[in-house]
Amino acid sequence: DAKTTQPNSMESNEEEPVHLPCNHSTISGTDYIHWYRQLPSQGPEYVIHGLTSNVNNRMASLAIAEDRKSSTLILHRATLRDAAVYYCILRSTSGGSNYKLTFGKGTLLTVNP
Amino acid sequence: DTAVSQTPKYLVTQMGNDKSIKCEQNLGHDTMYWYKQDSKKFLKIMFSYNNKELIINETVPNRFSPKSPDKAHLNLHINSLELGDSAVYFCASSPGTGLGSRNSPLHFGNGTRLTVT
């Protein structure tokens, strides 16, 4: 599985934007970039995914570098409820079982009131 | 309505016992998964079933036996429990494994915390 590298932790203030970086220098052409988050005592929750173009949804935005070797998850206005571990995952669309989600360590986001 | 539900939420048992965790999804998905999250918070896939057929088995000990009576249910039975089995077990589902579904999000349950004493 192609690997991703994320900072262990980040801190933000409430109501401010948060930029969560992810490096994936060995990404292949069939890999999509997925983001999940895990709130305390809950299961992981899908946030967003993309291939080459930047993506927006109601939860966040995903900015993907032109060479696709890095990406950034953007929370436009952090709330206390956004405090969670954020996982950046490469998910292959090639054959076999490569579609499976393989979680790394993620980034623990702390949001200060 | 809960999309992916697991029971029980907590399970405390002694070494050597056999226990089961149940999982049900009401999303109409074809694929279901079991993940294990250990004390260091690493989430690892254990099994995946597609339409009741096992498609992923990540070198999990034989003491773990998943069972899928229908595509909406994937239960996990664990024999001869060991201390190292203590973890949070998450069930998940996704639409399928076909080409058009490989990017579909996984929906996770809220986990079963298993403590083996």
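It should be noted that the structure appears before, not after, this text.
Residues numbered from 1 in each chain as written. Chains lettered and ligands numbered in written order. Predicted model: local features only at pLDDT ≥ 70, side-chain atom pairs only at ≥ 80, totals over all residues. Heavy atoms only, no water.

A.B. asks: Describe the side chain of A:R68, with residues and values.
C.D. replies: Residues and elements named next belong to chain A. Counting through the fold element by element, R68 comes out in the loop between β6 (61–64) and β7 (70–75). As a buried residue without a salt bridge, R68 has its nearest oppositely charged side chain in D31, at a separation of 5.8 Å. Discounting residues that sit within four places of it in the chain, R68 has contacts with H24, I27, S28, G29, D31, I33, L51 and T52. (Helix = DSSP H or I, 4+ residues; strand = E, 2+ residues; numbered from the N terminus. Buried < 20%, exposed > 50% of the residue type's maximum accessible area, 1.4 Å probe, protein only. Lys, Arg positive; Asp, Glu negative; His and termini not counted. Salt bridge = Lys/Arg side-chain N within 4 Å of Asp/Glu carboxyl O. Contact = heavy atoms within 4.5 Å.)

A.B. asks: Before we move on, can you summarise the packing of aromatic side chains with the specific residues and values?
C.D. replies: Residue and element names in this part refer to chain A. In this structure the tally under the stated criterion is 9 aromatic pairs over all chains. Relative to F103, the ring of Y36 has its centre 6.0 Å away and its plane inclined at 70°; by these criteria the two rings are edge-to-face. One end of the pair, Y36, is in strand β3 (residues 31–38); the other, F103, is in the loop between β8 (84–92) and β9 (107–112), and 67 residues separate them in sequence. Exposure remark for F103: the relative accessible area of 8% places this residue in the buried category. (Phe/Tyr/Trp six-rings, centres within 6.5 Å; stacked < 30°, edge-to-face > 60°.)

A.B. asks: Pulling in residues and values, what's your account of the layout of surface pockets?
C.D. replies: Its boundaries defined by the atoms lining it, the largest pocket holds a volume of some 620 Å³. Lining of the largest pocket is provided by 32 residues; of these, A:Q38, A:S41, B:Q37, B:K41 and B:R113 occupy positions nearest its centre. Going through the elements one at a time, β8 and β9 of chain A together with β9 (87–94) and β11 (112–116) of chain B are the ones with two or more residues in the lining of the largest pocket. Residue contributions to the lining of the largest pocket peak at 4 residues, all from β11(B). Its residues assigned to classes, the lining of the largest pocket comprises 13 nonpolar, 13 polar and 6 charged. As a volume, the second largest pocket reaches approximately 410 Å³. Considering the residues around the second largest pocket, the lining is formed by 21 residues, among which A:P44, B:V4, B:F108, B:G109 and B:N110 are closest to the centre. Contributing elements (two or more residues each) for the lining of the second largest pocket: β4 (44–50) of chain A together with β1 (4–7) and β10 (107–108) of chain B. Split into classes, the residues belonging to the lining of the second largest pocket amount to 8 nonpolar, 9 polar and 4 charged. (1 Å grid on protein atoms, 1.4 Å probe; cavity = no way out; pocket = protein on both sides within 12 Å on 5 of 7 lines; lining within 4 Å. Points joined across faces, edges and corners; volume = space filled by probe spheres on them. Nonpolar A, V, L, I, M, F, W, Y, C, P; charged D, E, K, R; others polar.)

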